[in-house]
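Chain and residue survey
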Amino acid sequence: MKKLFGVIGNPIGHSLSPHMHNDLFSLYGIDAHYHPFLVEKGRLAEAVTGLKAIGAAGFNVTIPYKTEIIPLLDWIDPLAKEIGAVNTVVNRDGLLAGYNTDGPGFLKSLEEGFPQLDNPAMLVIGAGGAARAIYFTLEKTGPLVLDICNRSLSKAESLVGESQLSVPSRALSAEEAAERINEYDIVIQTTSVGMHPETGESPIGLHNLNKKVHAADIIYNPAETEFLKQARKRGAKTLNGLGMFVHQGALAFELWTGIKPDADRMRETVLKQLG
Ligand code: ATR
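Here the structure is a predicted model, which means the values were calculated and not measured. (Residues numbered from 1 in each chain as written. Predicted model: local features only at pLDDT ≥ 70, side-chain atom pairs only at ≥ 80, totals over all residues. Heavy atoms only, no water.)

**With respect to the packing of helix α4 (residues 102–113) against helix α9 (residues 242–257)**
Geometry of a packed helix pair, given as the angle between the helix axes and the separation of the axes. Keep this limit in mind: In this analysis an axis means a line fitted to C-alpha atoms, helices contributing only their contacting stretch, and an angle means the value between N-to-C directions, from 0 to 180 degrees. Helix and strand definitions here come from DSSP, where helices need a minimum of 4 consecutive H or I residues and strands a minimum of 2 consecutive E residues; each element is numbered from the N-terminal end. Each angle gets one of four labels, with under 35 degrees taken as roughly parallel, over 145 as roughly antiparallel, 65 to 115 as roughly perpendicular, and the rest as oblique. Each helix crossing is assigned a hand: it is left-handed if the near helix lies turned anticlockwise from the far helix by less than a right angle, otherwise right-handed if that turn is clockwise. Contacts were defined at the residue level, with two residues in contact if any of their heavy atoms lie within 4.5 Å. Under the grouping applied here, Gly and all other residues not named as nonpolar or charged are polar, the nonpolar ones being Ala, Val, Leu, Ile, Met, Phe, Trp, Tyr, Cys and Pro and the charged ones Asp, Glu, Lys and Arg.
At a minimum axis separation of 7 Å, α4 and α9 run at an interaxial angle of 125°. As far as their axial angle goes, α9 and α4 are oblique. In this structure, the crossing between α4 and α9 has a hand that is right-handed. Contact with α4, carried on its side by Asp102, Pro104, Gly105, Phe106, Lys108, Ser109 and Glu112, involves Gly243, Met244, His247, Gln248 and Leu251 of α9 and no other residues of that element. Tallied by class, residues from the contact of α4 with α9 come to four nonpolar, five polar and three charged.

Encoded structure:
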């Protein structure tokens, strides 16, 4: 019987995940379909019960349900628990297991994009859900330092306070971070500032940036945010969020099927959709 996969969220209309996964199912000859499901506010529990009842084989979870879904699942992977968010669910014989592939997907993209960097000093800009996934994943790679800066400093402070990191980690204001920017090998922009259809300035000033700093953004539409543009103009190597999106999907696909999919092909599928 055809297996059902999908993504639940709100809004969901512009998700590129269905294209990416349905293409992989046909590539690997898997009899399955991946569908976007719009879940109305307040109806998440019903949606999850329904997906379980009809035997959906797995699904992704996106904004705004990545945290709210946790108590509705039967088992949570330790990293997802630490992050406090689930983006991938696997149905194992009727029990729903939750994972987070956003952080590990970002890490894969970083390793591909900036392969020469060993034990780097890193700065994460932002303290929201995406920042948490990246922060707790990167910590395990043993960076020299892993600082976090946020418009609201208190949110960065509580993230640093809550975590028991094995590496040095400070909370900085955007102004402090702009001053100290050249202390880092990699600066990672995780806020939604500049995401299509909005435009926006870089969330931190890059006037001091020197070309040794590597700049990564989690946004891939547009391909270059103002943050990345300014960094590139100052000679920095840059990386957008396309690799993170592809690899979070690749890791989900592997959890569902056991197959490590062709990430280059996935990238092509997404680029085709973006036009
Ligand atoms: P996500 O799950 O996408 O990370 P979120 O949890 O709502 O979304 O977090 C949004 C992040 O973007 C926060 O760090 C937020 O900063 P505040 O905590 O100060 O709100 C940051 N952010 C959003 N708009 C911003 C802006 N215009 N300038 C700077 N930071 C912004």
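**Observations concerning the site of the ligand**
To keep it simple, the criterion reads: One heavy atom within 4 Å of a molecule or strand is enough for the residue carrying it to be called near that molecule or strand. For the purposes of these results, a polar contact is taken to be a pair of N or O atoms within 3.5 Å, where, inside protein, one atom must be able to donate a hydrogen and its partner to accept one; residues adjacent in sequence count only when each atom of the pair is a side-chain atom. Per-residue accessibility takes into account occlusion by the displayed protein chains alone, with areas from the Shrake-Rupley method and a 1.4 Å probe.
Around the ligand sit Gly126, Ala127, Gly128, Gly129, Ala130, Asn150, Arg151, Ser152, Lys155, Thr191 and Val193, and that is every residue in its neighbourhood. Contacts to the ligand include Ala127, whose backbone N or O atom sits 2.9 Å from an oxygen atom. Between the ligand and the protein, one listed contact pairs an oxygen atom with a side-chain N or O atom of Arg151 at 2.8 Å. Calculation on the ligand without its partners gives an accessible area of 640 Å², and the protein chains cover 66% of this total.

**Side note on the layout of surface pockets**
The condition that has to hold: Space inside and on the surface of the protein is sampled on a 1 Å grid over the protein atoms alone, with a cavity defined as a set of points where a 1.4 Å probe fits but cannot get out and a pocket as an open set with protein on both sides within 12 Å along at least 5 of 7 lines; lining residues have an atom within 4 Å of a point. Grid points are joined across faces, edges and corners, and a volume is the space filled by probe spheres set on the points.
Roughly 210 Å³ of volume is contained in the second largest pocket. The element contributing the most residues to the lining of the second largest pocket is α4, with three residues. In the lining of the second largest pocket, the residues fall into nine nonpolar, three polar and two charged.

**Description of unusual backbone geometry**
As a rule of thumb, non-glycine residues mostly have phi less than zero, and peptide bonds are mostly trans rather than cis. How we decide: Categorising residues by exposure relies on relative accessible area from a 1.4 Å probe, with only protein chains included: less than 20% of the type maximum marks a residue as buried, more than 50% marks it as exposed, and the intermediate range marks it as partly exposed.
Cis peptide bonds are those with omega within 30 degrees of zero, and the linkage from Ile63 to Pro64 qualifies with 5°. The topology assignment puts Pro64 in the loop between β3 (58–61) and β4 (75–76). The step from Asn221 to Pro222 runs through a cis peptide bond, and the omega angle for that step is 10°. Looking at the secondary structure, you find Pro222 in the loop between β11 (214–217) and α8 (226–233). Even without being a glycine, Asp93 presents a positive backbone phi close to 50°. Within the fold, Asp93 resides in the loop between β5 (88–92) and β6 (95–99). Assessed through its relative accessible area of 83%, Asp93 is described here as exposed. A positive phi is found at Asn119, a non-glycine position, where the angle reads about 55°. Considering the arrangement of structural elements, one finds Asn119 in the loop between α4 and β7 (121–125).

**Looking at the packing of helix α1 (residues 17–27) against α9**
At a minimum axis separation of 11 Å, α1 and α9 run at an interaxial angle of 45°. When the interaxial angle is binned, α1 and α9 end up oblique. Helix-helix and strand crossings are classified by hand; for α1 and α9 the assignment is right-handed. Here Ser17, Met20, His21, Leu24 and Phe25 of α1 come into contact with α9, specifically with Phe245, Val246, Gln248, Gly249, Phe253, Trp256 and Thr257. Considered class by class, the residues forming the contact of α1 with α9 number seven nonpolar, five polar and no charged.

**Considering the environment of Leu159**
Looking at the element boundaries, Leu159 is found in helix α6 (residues 153–162). When its relative accessible area of 2% is taken as the criterion, Leu159 is described as buried. Counting along the chain gives 102 residues from Leu159 to Ala57, while the straight-line C-alpha distance between them is 34 Å. The residues contacting Leu159, other than those within four sequence positions of it, are Ala127, Arg132, Tyr135, Phe136 and Ile148.

**As for the domain arrangement of the protein**
Convention followed: Domain start and stop points were drawn from an automatic or database domain assignment. Summed over both partners, the accessible area lost on bringing two parts together, with a 1.4 Å probe, is the buried area. A carboxyl oxygen of Asp or Glu within 4 Å of a side-chain nitrogen of Lys or Arg is what we treat as a salt bridge.
If you check the domain split of the protein, you get domain 1 (3–100 + 243–274) and domain 2 (103–240). The centre of domain 1, based on its C-alpha atoms, is set 25 Å off from the matching centre of domain 2. The partner domain 2 presents 19 residues to the 14 residues of domain 1 that form the contact. Roughly 1400 Å² of surface becomes buried between domain 1 and domain 2 when both sides are summed, with 65% attributable to carbon and sulfur atoms. Looking at the side of domain 1 facing domain 2, the largest losses of area belong to Glu82, Ile83 and Met244, adding up to 41% of the total buried there. Summed over the shared surface of domain 1 and domain 2, the number is two salt bridges. Glu82 is the salt-bridge partner of Lys140, the closest N and O atoms lying 2.8 Å from each other. Scanning the region where domain 1 abuts domain 2 turns up six residue pairs in polar contact (both at pLDDT 80 or more). Counting residues per element, the side of domain 1 that touches domain 2 draws most heavily on α9, at six residues.

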